[in-house]
4 protein chains.
Amino acid sequence: MTDTNEMIGAVPGGVPLGARAVASAIDACLRCVQSCTTCANADLAEDDVVEMRRCIAQCLDCADVCDATARLLSRPAYSELAVIHPLLQACVRACTSSAEECARHAPHHAHCAVCERVCRACVGACTALLGAEAFAALR
Amino acid sequence: MTDTNEMIGAVPGGVPLGARAVASAIDACLRCVQSCTTCANADLAEDDVVEMRRCIAQCLDCADVCDATARLLSRPAYSELAVIHPLLQACVRACTSSAEECARHAPHHAHCAVCERVCRACVGACTALLGAEAFAALR
Amino acid sequence: MTDTNEMIGAVPGGVPLGARAVASAIDACLRCVQSCTTCANADLAEDDVVEMRRCIAQCLDCADVCDATARLLSRPAYSELAVIHPLLQACVRACTSSAEECARHAPHHAHCAVCERVCRACVGACTALLGAEAFAALR
Amino acid sequence: MTDTNEMIGAVPGGVPLGARAVASAIDACLRCVQSCTTCANADLAEDDVVEMRRCIAQCLDCADVCDATARLLSRPAYSELAVIHPLLQACVRACTSSAEECARHAPHHAHCAVCERVCRACVGACTALLGAEAFAALR
């Protein structure tokens, strides 16, 4: 059991979206903050920086949305599903865009290949969470 | 003209959502990061902290969503409306909840009265932005 | 009196570093988060992006350090001066570097001219706070 | 090899503080953002919230400092050691305080026990990084 699982499982009152799914999404988001922040920095230092501008901008946006998503998911007590739902949608959209842009550069930049993989994992974890029963009333 | 207006107006390529409306929303979000962060801290130090738990949690969530929103709006070049739209919706919802909870405590806590006002201003600025012509295709 | 002044002044228990000086530093830091985030984005869209790499990277670092500094200063209750002191030092150093790099590009990029001014204002506000009597024991 | 190791190792130009030590510190900081954010939220929902106020405030500060530290360490290209050094000092101090406060509550709150452990790991990783040869000139 990861630290995140243990932490989320220890919050009094329970976790309406499911502790395991929430912990997975938090971990995926934090990994995405990391990979996107470093990918943007590495892009900047590449010889073909002119071709990497969109990748830099989208990775920075993705990192910030994932950071906020990880923070809100990390607070299950007194949380509001009506805030989390559109935030997860923004997160899935940002991660998808980063993944697609990184995919274009993955053949020649190792950081883009890793970042694409991490972004797609975050899309998967957040999409799974959006399918939670607790969100049914909001769909 | 504020610094934010000048900064946003100086980004090459223009601002699809409108420079003035974007600058107003950024400033409103950053003020909300400030007021919500301090409101949560002040709540914690009040004698009636037991009654302030929901206010603390919602203000913390609101600060984080406003922070991410201010950051993404501050990057008009290479930005993606399909990310910004749900993020603004999350922001309006978080600010509305904080404002409503702060309103309950405003009669006896000065920080809640100020925070309610700042949150409502942010709801206004972000709602105005959601009405931008550029979002028409996403609605 | 600004919202920040009102908020900080309303925190129970007082503000060891002085409410007015803390509020000024918070406002300066949040303006710096804004200007540095937009400056990095505008740099990316300039024709001379190759010359702007250091400016982009330093502005991103500056925005993140200012964001954390604004948040910690916004929580005077139960705060710890031994954390705030080195954080303010990191903030002064990051803002100084951003200001100096922006100064090199200010003649040809309006966003760098504004960002330099905002960064220098933040250096001033944080340096003033580092001189607070309450920090004497840590120097 | 973790994703973080791979990402940091792929940044052009090398990593003055050492790729492996930097990656370890980033991962430790991001885990601390997670545990401290959830610990503060769980504290809020406990029956003894009145006794948990300091723990909540210190965990929130710790999460924000660790977040900024993880972000700056994730940008080795064009980074400035004179900013990172005091930021790491702030991080070690914030994590130490959170760990000590959580330790007081660990016997009766499982989230405090986990959070103490995560904070101490972050103290270890950041202290190790502060000992890097590249910082010698700043000491």
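Residues numbered from 1 in each chain as written. Chains lettered and ligands numbered in written order. Predicted model: local features only at pLDDT ≥ 70, side-chain atom pairs only at ≥ 80, totals over all residues. Heavy atoms only, no water.

## Digging into empty space enclosed by the protein
Applied cut-off: Whether a set of points on the 1 Å grid over the protein atoms alone is a cavity depends on a 1.4 Å probe fitting there but being unable to get out, while an open set qualifies as a pocket with protein on both sides within 12 Å along at least five of seven lines; lining residues are those with an atom within 4 Å of a point. Grid points are joined across faces, edges and corners, and a volume is the space filled by probe spheres set on the points. Under the DSSP-based scheme used, a helix requires at least four consecutive residues in state H or I and a strand at least two consecutive residues in state E, with every element numbered from the N terminus. Polar here means any residue outside two lists: the nonpolar Ala, Val, Leu, Ile, Met, Phe, Trp, Tyr, Cys and Pro, and the charged Asp, Glu, Lys and Arg; Gly therefore counts as polar.
Overall, the coordinates contain 11 cavities of 30 Å³ or more when judged by the stated rule. Counted as a void, the largest cavity has a volume near 200 Å³. Counting only elements with at least two residues in the lining of the largest cavity, the list comes to α3 (53-73) of chain A, α3 (53-73) of chain B, α3 (53-73) of chain C together with α3 (53-73) of chain D. Class assignment for the residues of the lining of the largest cavity results in 4 nonpolar, no polar and 12 charged.

## So, the relation of the copies chain D and chain A
The test is simple: When the copies are overlaid, the least-squares fit takes in C-alpha atoms only where the residue has pLDDT of at least 70 in both copies. Here, residues are in contact when the closest pair of their heavy atoms is within 4.5 Å.
For the match of chain D to chain A, the screw axis carries a shift of 0.0 Å, the RMSD comes to 0.0 Å, and the turn is 180 degrees. The superposition of one copy onto the other is thereby described by a two-fold rotation axis. Considering only C-alpha atoms, the residue of chain D closest to the rotation axis is D:L30, which sits at 3.4 Å. Both copies share a contact surface, since 100% of the interface residues of chain D are interface residues in chain A too.

## Digging into the pattern of salt bridges
Close approach of charged atoms lets side chains of opposite charge pair. Note the threshold: The term salt bridge refers to a pairing of a side-chain nitrogen on Lys or Arg with a carboxyl oxygen on Asp or Glu at a separation within 4 Å.
Counted by the stated rule, this structure contains 44 salt bridges over all chains. The partner of A:R93 in a salt bridge is B:E80, with the nearest N and O atoms 3.3 Å apart. In this pair, A:R93 sits in helix α4 (residues 81-105) while B:E80 sits in the loop between α3 and α4 (81-105), so the two residues belong to two different chains. Here D:D67 makes a salt bridge to D:R71, at a shortest N to O gap of 3.3 Å. One end of the pair is D:D67 and the other is D:R71, both in helix α3 and 4 residues apart, which spans about a single turn.

## A look at the interface of chain B and chain A
Heads up, the condition is: Buried area, as used here, totals the accessible surface that two parts lose on assembly, with accessibility defined by a 1.4 Å probe and the loss added over both. Contacts described as polar in this section are N or O atom pairs within 3.5 Å, which, within protein, must combine one atom able to donate a hydrogen with one able to accept it, while residues neighboring in sequence count only if both atoms come from side chains.
At the junction of the two partners, chain B supplies 25 residues and chain A supplies 25 residues. Contact between chain B and chain A buries roughly 2,200 Å² in total, counting both sides, with carbon and sulfur atoms accounting for 59%. Summed over the three residues of chain B that lose the most area to chain A, namely B:D61, B:D64 and B:Y78, the buried surface amounts to 28% of that side. There are 8 salt bridges connecting chain B and chain A. For A:R71, the salt bridge identified is with B:D64, shortest N-O distance 3.4 Å. Linking chain B with chain A are 10 residue pairs in polar contact (both at pLDDT 80 or more). Here the side of chain B that touches chain A is composed, by residue class, of 13 nonpolar, 4 polar and 8 charged.

## Digging into the confidence of the model for chain A
The criterion, for reference: Residue-level confidence of the predictor is what pLDDT reports, using numbers from 0 through 100.
Looking at chain A, pLDDT values average 97 and 99% of them are 70 or higher. Reported confidences for the modelled complex are a pTM of 0.98 and an ipTM of 0.97.

## Details of the packing of α3(A) against α3(D)
Applicable threshold: For helices, the fitted axis covers only the stretch in contact; all axes are lines through C-alpha atoms, and the angles between them, taken along N-to-C directions, range from 0 to 180 degrees. Orientation categories follow fixed angle ranges, with anything under 35 degrees roughly parallel, anything over 145 roughly antiparallel, 65 to 115 roughly perpendicular, and all other angles oblique. Crossing handedness: left-handed means the near helix sits turned counterclockwise from the far one by under a right angle, and right-handed means the same turn made clockwise.
Interhelical geometry of α3(A) versus α3(D) gives an angle of 150 degrees and a closest axis separation of 13 Å. Here α3(D) runs roughly antiparallel to α3(A), going by the angle between their axes. Between α3(A) and α3(D) the crossing geometry is right-handed. Across the interface between the two elements, A:A63, A:D64, A:D67 and A:R71 of α3(A) pack against D:A63, D:D64, D:D67 and D:R71 of α3(D). Tallied by class, residues from the contact of α3(A) with α3(D) come to 2 nonpolar, no polar and 6 charged.

## Observations concerning the relation of the copies chain B and chain A
Taken as rigid bodies, chain B and chain A are interconverted by a rotation of 180 degrees and an axial shift of 0.0 Å, the fit giving an RMSD of 0.0 Å. A shared binding surface is used by both copies, with 100% of the interface residues of chain B retained as interface residues in chain A.

## Some thoughts on helix α2 (residues 19-44) of chain A
Applied cut-off: Each residue after the first adds 1.5 Å to the expected span of a helix. Buried means the residue's accessible area, taken with a 1.4 Å probe over protein chains only, is under 20% of the maximum for its type, while exposed means over 50%, and partly exposed covers the values in between.
Between the first and last C-alpha of α2(A) there are 38 Å, a value that for 26 residues agrees with the 38 Å anticipated at 1.5 Å per step. The buried fraction of α2(A) is high, at 21 of 26 residues.

## Regarding the interface of chain D and chain A
The interface is formed by 36 residues belonging to chain D together with 36 residues belonging to chain A. Buried area between chain D and chain A, both sides added, is near 3,100 Å², and the carbon and sulfur share of it is 61%. Along the contact surface separating chain D from chain A lie 8 salt bridges. A salt bridge links D:E6 to A:R117, with the shortest nitrogen-to-oxygen separation between them at 3.4 Å. Put simply, chain D and chain A have 14 residue pairs in polar contact (both at pLDDT 80 or more) between them. When residues of the side of chain D that touches chain A are traced back to their parent elements, those giving at least two are α1 (3-9), α2 (19-44), α3 and α5 (110-130) of chain D. Examining the composition of the side of chain D that touches chain A, we find that 11 residues originate from one element, α2(D), more than from any other. Taken together, the residues of the side of chain D that touches chain A sort by class into 19 nonpolar, 8 polar and 9 charged.

## Quick look at unusual backbone geometry
Residues and elements named next belong to chain B. Unusually for a residue other than glycine, Y78 sits at a positive phi of about 65 degrees. Summarising the element assignment, Y78 is placed in the loop between α3 and α4. Overall, Y78 belongs to the partly exposed group, its relative accessible area being 22%.

## Looking at the environment of B:A40
All names here are of chain B. Structurally, the position occupied by A40 is in helix α2 (residues 19-45). Sequence separation of A40 and M52 is 12 residues, and the distance between their C-alpha atoms is 8.6 Å. Leaving out residues up to four positions away in the same chain, A40 has contacts with I56, C59 and L60.

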